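The lines below spell out each chain.
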Amino acid sequence: MPHDLEIIIRNFIVDNFLFSNDQDSLSDKESLLEGGLIDSTGVLELVAFLETEVGIEIADAEIIPENLDSIESIATYAKSKLAQAAA
Amino acid sequence: MCGIAGYFGMPKTSLPDRVLLQRMIGAISHRGPDEQGLHVDGNIGLVHARLSIIDPAAGKQPMCNIDQTVWLIFNGEIFNYIELRRDLIARGYVFRTNSDTEVLLHLYEEKGLDCVEDLNGDFAFVVWDSRRNRLMLARDRMGVRPLHYTYHGGCLYFASEVKALLQVPGVKAELDPIALDQTFTFWFPLAPRTAFKDIFELRPGHILTATPERTSVRAYWRLAYPDANDQGAWAGRSEASIAGELRELLFDATHIRLRSDVPVGAYLSGGLDSSIISAVTKHIKPDRLRTFSVTFESDEFDESSYQQEMVQALGTRHDQIQCRTADIARFFPDVIRHTERPILRTAPAPLFALSDLVHRKGFKVVLTGEGADEVFAGYDIFKEAKLRRFCASQPDSRRRPLLFRRLYPYLPQLKNQSHSYLAAFFGGDGAALDDPLYSHLPRMRTTAGTKVFLSADLRHELADYDALADMRDGLPDDFTRWHPLCQAQYLETTHLLPAYILSSQGDRVSMAHSVEGRYPFLDHRLVEFAARIPPKMKIRALREKHILRESIKDLLPKDIGNRTKQPYRAPDSQCFTGPGAPDYVDNTLSRYEIEDAGYFEADAVQKLKNKCRRSQAVGTRDNMAFVGIVSTQLWHRIFADRAYRIETDISPGEAA
C-alpha cells in the first residue's frame, strides 16, 4: 500500500495540476507552490482528493505547506495519517 | 465617438482606394453607425464612421482647414474644447461648427504636434498635413481610445480596431507567440505588441509621425511619481488640504465630462468608485440621473443590494440587466470578436451585456468609475504587497496570518483555508524585495502557471523568452527611486489599465454597442495630482483609497463610503462547463481544433476540461487557463482561421 500511495498521489498531481501524461515530469521534492502548480485555491482540490480518495481526515491546522508542498511531503504526511488511523 | 481608419503610401492592391477605405470602415461600423465620410488624395486615404455626440448637425469628418491643406479624422472627445475654442478665437481663428473636432483641427494649425499637450480628453486621431507632407497619429494619455497600425507593401495602414486592418488584402491574422506568452503571464500583450503578429497599437500618451522618408514614435506624456524620500513642495501639507483640492479636481473632471449634446448616463456597480461618480454628477446636475447596472445570479458576484442603496440615496432612474452564467458563455464569441485578443477572465462579457442595455435605452454616453483603483490605490494587490513586505521584514510576527485573512474577506474559497497556506503563498514567496515587479510577482506567477498548456511547438518557438524580464526592461529609469506603492501603481496604471481594463473591459465592449464610456478618475490633472499624494494617505493602515473617501465622505451613504473593495468579478470556467453551456465549447476544445490551431497540448486541454466539469471548486490558475484557452481558440476561429482571402472583386454595392 505505501508504495502504491506515492503512485496514486503522483498520478493525481501530474494529472490535475500538470495536466501531463508523463508521470516523470515532476520530481518528488519539487515545490508545487514555487512551481506555480498549486495556488492558494488549488490546495483545496488536493485536500479534497486526499480526503475522498486516500481516505484521511485533514484538520484545518494541518493544511500547511510543510505537509502538502511536494509529492514526497504529501506521501509522508498521508502515511502518518493512515498509520494514526490504523493504530 | 467614432471609428477611424486609413493609409499613408500606395496600397498594393487592385481595389480602388475608396473601396478599400469603405471595407476598412465597414469592419468597424459599430463604432460609428450615424454617418461615414472619406478623403482620398494621392498617397493618403482617410475614412471615418461617426457616432454623433457633440454638434450632431455639423462636425462631419474627415474635416479640413479652410485651404484644405490639413485633414483630420478623430475618435473620442476633447472635454476642454470650450476653453480651447475660446483661446483660439481670441487668437483669430474662425469657427464653422461648435464641434470639438474643429477645435482640434485649429489647435493643430496653431501648435503642430504639440497640440496634444493642451488636450484634456480621450482621443485617438490622425492628422494629414499636406504642407509638410506629414502624417500624425496620436493617442490619449491613459489609453482610453484605441489606435492600431501595420505596414504592408511599403504602405502604413491605421485603424481604431484590428479588424479594419485585416480588410487590407495581404494583411494576415497570425497569432504572435510572444503575445500569447505575455497574455498567459500578465493577462495582456505588452504594447505596442498585439495578439496579431506584425500589427501594433500606438501606446497611450504617444504620437507617431510619418513622412515619405521615415516613421517615428515618441511619448508626449508619461506617468511619474516623486522620489520616495522627496516630499517637495507638499512637505507638511495637511490631509484636509489635499482632500479639498482632490475634491475640486474630481468635480471639475466630472463637470467637463458631462459636456455633450446627447444625454449622459452613469454605470452604477454598487462599489465605491461608481457611487462617487454618480453622487458627484448628481451634485453638479440635480436633474434625475439615469443609471445602469449588471447583476448576477450568485451572491459571490452580485452587488445589487449596494446598487439599490445608491439608487435610493440619489433618486436615480435605474435600469439593470441580469447576466446569467449561461449568458456569459453565449456572448463570449462576440466578446472575443470585439476584444480582438485572448482574455483570461470572462469579466468583459457582463459589461458587453450592460452596454447593450444602455444602447437599447437610447443612451450613447455613460460616466464610469474605472481608474480610481489605480490612481488612488484601491486594488488588493497594493495591500497585499504592503503585507508581503511587512512579513518579509518581520517573518516571525504573530500578526501575519491575521493580516492575510483580512485581505480577502470576499473569497469564499479562502475562508476555510489555513493561515499558514495563505502566508506561504503571499509571504514566503522568495521574491527579492528590490525586484521592480515585487508587488505583482505572486499574481504573475499564478497566471504563468497557465503556460503548462502551451504546445511543444509553441514552447520551442518561444525558446527561453522571459516575459517578466521584458516588462522589467521597459520600466523608466527613475522607477526604483519611487515609493514601493507608487511602483506598484505604475505597473497597474500603465499596463493592466490600458491593456485590459480600458480595452477588453472598456472601449471594446462598450463600443460594440455604440456606447462611449467616460472616466472622470482618469482626467490627467487628477492622475498627476494623485501621483504626488503621500502613499500613507492613499492606504491608511489597510484602508484603501483613504484620501479619496475622505474627500467626498459627505456625498455617500456611510455603508458605501466605508465599503471594502470588492473586485469586479464574474463566473469563469463554470459558464462553459455547467448545464446550459453552448455547443461551441465542445467543438472549440475538441482534439481536432486544438491540434489544428497548434497553440495548446490537446491531451492537457482534455484533462482540464474534464477537471472543470467534475470539480465544484476550480482553482484560480485553472479558471484562467480554461478561459484563456477557450478565448484563444475562439480568437483563432474568428480571425486567423478564415485564411483571410480578401476578395478583390468588387460587389455591385461597392461600385456604386
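Residues numbered from 1 in each chain as written. Chains lettered and ligands numbered in written order. Predicted model: local features only at pLDDT ≥ 70, side-chain atom pairs only at ≥ 80, totals over all residues. Heavy atoms only, no water.

Q: Explanation requested: the overall build of chain A in the structure shown.
A: A tally of regular secondary structure across chain A gives four helices and zero strands. Taken from N to C terminus, the helices and strands of chain A fall in the order α-α-α-α. A compact globule built from 87 residues should have a C-alpha radius of gyration of about 12 Å, and chain A, at 12 Å, falls within 12% of that. Projected onto its principal axes, the C-alpha coordinates of chain A cover approximately 35 × 25 × 20 Å. Counting every position in chain A, which comprises 87 residues, the buried fraction comes to 52%. Look at the contacts in chain A between residues 6 or more apart in sequence, and 52% of them connect residues 24 or more apart. Total accessible area computed for chain A in this model is approximately 4200 Å², and 52% of it derives from carbon and sulfur atoms. In chain A, the 4 positive side-chain charges and the 18 negative ones have mean positions that sit 8 Å from each other. (Helix = DSSP H or I, 4+ residues; strand = E, 2+ residues; numbered from the N terminus. Rg over C-alpha atoms; globule rule 2.2 N^0.38 Å. Buried < 20%, exposed > 50% of the residue type's maximum accessible area, 1.4 Å probe, protein only. Contact = heavy atoms within 4.5 Å. Areas by Shrake-Rupley, 256 points an atom, 1.4 Å probe, with all protein chains shown as cover. Lys, Arg positive; Asp, Glu negative; His and termini not counted. Charge placed at Lys NZ, Arg CZ, Asp CG, Glu CD.)

Q: When you look at the side chain of Lys163(B) in this model, what are you seeing that I'm missing?
A: All names here are of chain B. In this fold, Lys163 is placed in helix α5 (residues 162-165). Here Arg337 takes part through its backbone oxygen, which lies 2.9 Å from a polar atom of the side chain of Lys163. Among the polar contacts made by the side chain of Lys163, one reaches the side chain of Glu340 at a distance of 2.9 Å. When neighbours within four sequence positions are excluded, Lys163 is seen to be in contact with Ala27, Ile28, His30, Arg337, His338, Glu340 and Arg508. (Polar contact = N/O pair within 3.5 Å; in protein donor to acceptor, adjacent residues only side chain to side chain.)

Q: I would appreciate a short explanation of the layout of surface pockets in the present structure.
A: Empty space among the atoms becomes visible once a probe the size of a water molecule is rolled across them. Residue and element names in this part refer to chain B. Its boundaries defined by the atoms lining it, the second largest pocket holds a volume of some 670 Å³. Taken together, 29 residues make up the lining of the second largest pocket; nearest its centre are Ala191, Arg203, Tyr490, Thr494 and His495. The set of elements that each furnish at least two residues to the lining of the second largest pocket consists of α19 (467-473) and α20 (484-501). The dominant element in the lining of the second largest pocket, judged by the number of residues it contributes, is α20, at six residues. Looking at the lining of the second largest pocket, its residues break down into 16 nonpolar, six polar and seven charged. (1 Å grid on protein atoms, 1.4 Å probe; cavity = no way out; pocket = protein on both sides within 12 Å on 5 of 7 lines; lining within 4 Å. Points joined across faces, edges and corners; volume = space filled by probe spheres on them. Nonpolar A, V, L, I, M, F, W, Y, C, P; charged D, E, K, R; others polar.)

Q: Any chance you could explain the confidence of the model for chain B here in plain terms?
A: Do not read the fine detail of predicted coordinates wherever pLDDT is low. Residues and elements named next belong to chain B. For chain B, per-residue confidence averages 91 on the pLDDT scale, and residues scoring 70 or more make up 92% of the total. Scored below 50 in pLDDT, residues 643-648 makes twelve contacts in the model with residues more than four places away or belonging to other chains. For this predicted complex, the interface score ipTM comes out at 0.81, while the overall pTM is 0.92. (pLDDT = per-residue confidence, 0-100.)

Q: Got a minute to help me understand the nonpolar core in this structure?
A: A general feature of soluble globular proteins is that nonpolar side chains tend to end up buried together. All names here are of chain B. Core analysis: the largest hydrophobic core is formed by 195 residues, its most contacted members being Phe125, Met136, Phe376, Ile533, Phe576 and Phe600. For this core, the element with the highest residue contribution is helix α30 (residues 620-640), accounting for eleven residues. Both of domain 1 (2-174 + 194-222) and domain 2 (223-446 + 468-568) provide at least three residues apiece to this core. Setting aside anything within four residues of it in sequence, one finds Ile533 in contact with Trp234, Ile242, Leu246, Phe376, Lys538 and Ile547. (Core = buried A, V, L, I, M, F, W, Y, C linked by side-chain atoms within 4.5 Å. Domains from an automatic or database assignment.)

Q: What is the right way to look at unusual backbone geometry in this model?
A: Backbone geometry follows two general trends: most residues other than glycine have a negative phi, and most peptide bonds adopt the trans configuration. Residues and elements named next belong to chain B. The omega angle of the peptide bond from Gln61 to Pro62 is 0°, so this bond is cis rather than trans. If you trace the backbone, Pro62 turns up in the loop between β3 (44-50) and β4 (63-64). Following Ala191, the chain continues to Pro192 via a peptide bond in cis, the omega torsion being 10°. Structurally, Pro192 is set in the loop between α6 (177-186) and β10 (199-201). A positive phi angle, near 50°, is found at Ala463, a position not held by glycine. By the element assignment, Ala463 lies in the loop between α18 (456-462) and α19. Judged by its relative accessible area of 59%, Ala463 is exposed. Of note in the backbone geometry, Ser514 takes a positive phi value of approximately 55° without being a glycine.

Q: Help me out: how do you make sense of the packing of aromatic side chains in this one?
A: Each aromatic ring pair is specified by the distance between its two centres and by the angle formed by the two planes. Residue and element names in this part refer to chain B. In this structure the tally under the stated criterion is 27 aromatic pairs over all chains. Residues Phe184 and Phe600 carry aromatic rings whose centres are separated by 5.7 Å and whose planes lie at 35° to one another, so their mutual orientation is tilted. With Phe184 in helix α6 and Phe600 in the loop between α28 (591-597) and α29 (602-614), this residue pair connects regions lying 416 residues apart in the sequence. Plain terms: the ring middles of Phe196 and Trp635 are 4.8 Å apart, the flat faces sit at 55° to each other, and that makes the pair tilted. Separated by 439 residues along the polypeptide, Phe196 in the loop between α6 and β10 and Trp635 in helix α30 bring together distant segments of the chain. Trp635 matches Phe196 in its accessibility class, with the two residues each being buried. One Lys or Arg, Arg237, reaches over the ring of Trp234 and ends 5.0 Å from the middle of that ring. (Phe/Tyr/Trp six-rings, centres within 6.5 Å; stacked < 30°, edge-to-face > 60°. Lys NZ or Arg CZ within 6 Å of the ring centre and 35° of its normal.)

Q: Looking at this structure, how should I read the state of the cysteines?
A: Joining two cysteines, a disulfide is a covalent bond between their sulfur atoms. All names here are of chain B. Per the stated rule, a full pass over the model turns up zero disulfides over all chains. Unpaired in this structure, Cys2 has its nearest cysteine sulfur neighbour in Cys64, at a distance of 17 Å. Cys575 takes part in no disulfide bond, and the closest cysteine sulfur, belonging to Cys323, lies 7.9 Å away. (Disulfide = S-S within 2.5 Å.)

Q: What am I meant to see in the packing of helix α10 (residues 325-339) of chain B against α30(B) here?
A: In a packed pair of helices, the relevant descriptors are the angle between the two axes and the axis-to-axis distance. All names here are of chain B. As a packed pair, α10 and α30 sit with axes 9 Å apart at the nearest point and diverge in direction by 65°. The pairing of α10 with α30 is recorded here as roughly perpendicular in orientation. You can see that α10 and α30 cross each other, and the crossing is right-handed. Between α10, through Phe332, Pro333, Ile336 and Arg337, and α30, the contact on the second element is made entirely by Val627, Val630, Ser631, Leu634, Trp635, Ile638 and Phe639. (Axes fitted to C-alpha atoms, helices over the stretch in contact; angles between N-to-C directions. Parallel < 35°, antiparallel > 145°, perpendicular 65-115°, else oblique. Left-handed = near helix turned anticlockwise from the far one by under 90°.)

Q: I tried to follow the domain arrangement of chain B on my own but got confused; where do I start?
A: Size of an interface, as often reported, equals the accessible area lost when the parts are brought together. Residues and elements named next belong to chain B. You can read the domains of chain B as domain 1 (2-174 + 194-222) and domain 2 (223-446 + 468-568). For domain 1 versus domain 2, the distance between C-alpha centres works out to 30 Å. Domain 1 puts 36 residues into the contact, and the matching count from domain 2 is 37 residues. Across the domain 1/domain 2 interface, buried area totals approximately 3100 Å², and carbon plus sulfur atoms make up 52% of it. When the buried surface of domain 1 facing domain 2 is broken down by residue, Phe79, Met142 and Arg222 rank first, second and third, together holding 24% of it. On inspection of domain 1 and its partner domain 2, the count reaches nine salt bridges. Taken together, the links from domain 1 to domain 2 amount to 16 residue pairs in polar contact (both at pLDDT 80 or more). Among the secondary structure elements, those contributing two or more residues to the side of domain 1 that touches domain 2 are α2 (81-90) and α5. Element by element, the count of residues in the side of domain 1 that touches domain 2 is highest for α2, at three residues. Partitioning the side of domain 1 that touches domain 2 into residue classes produces 18 nonpolar, six polar and twelve charged. (Buried area = accessible area lost by both parts, 1.4 Å probe. Salt bridge = Lys/Arg side-chain N within 4 Å of Asp/Glu carboxyl O.)

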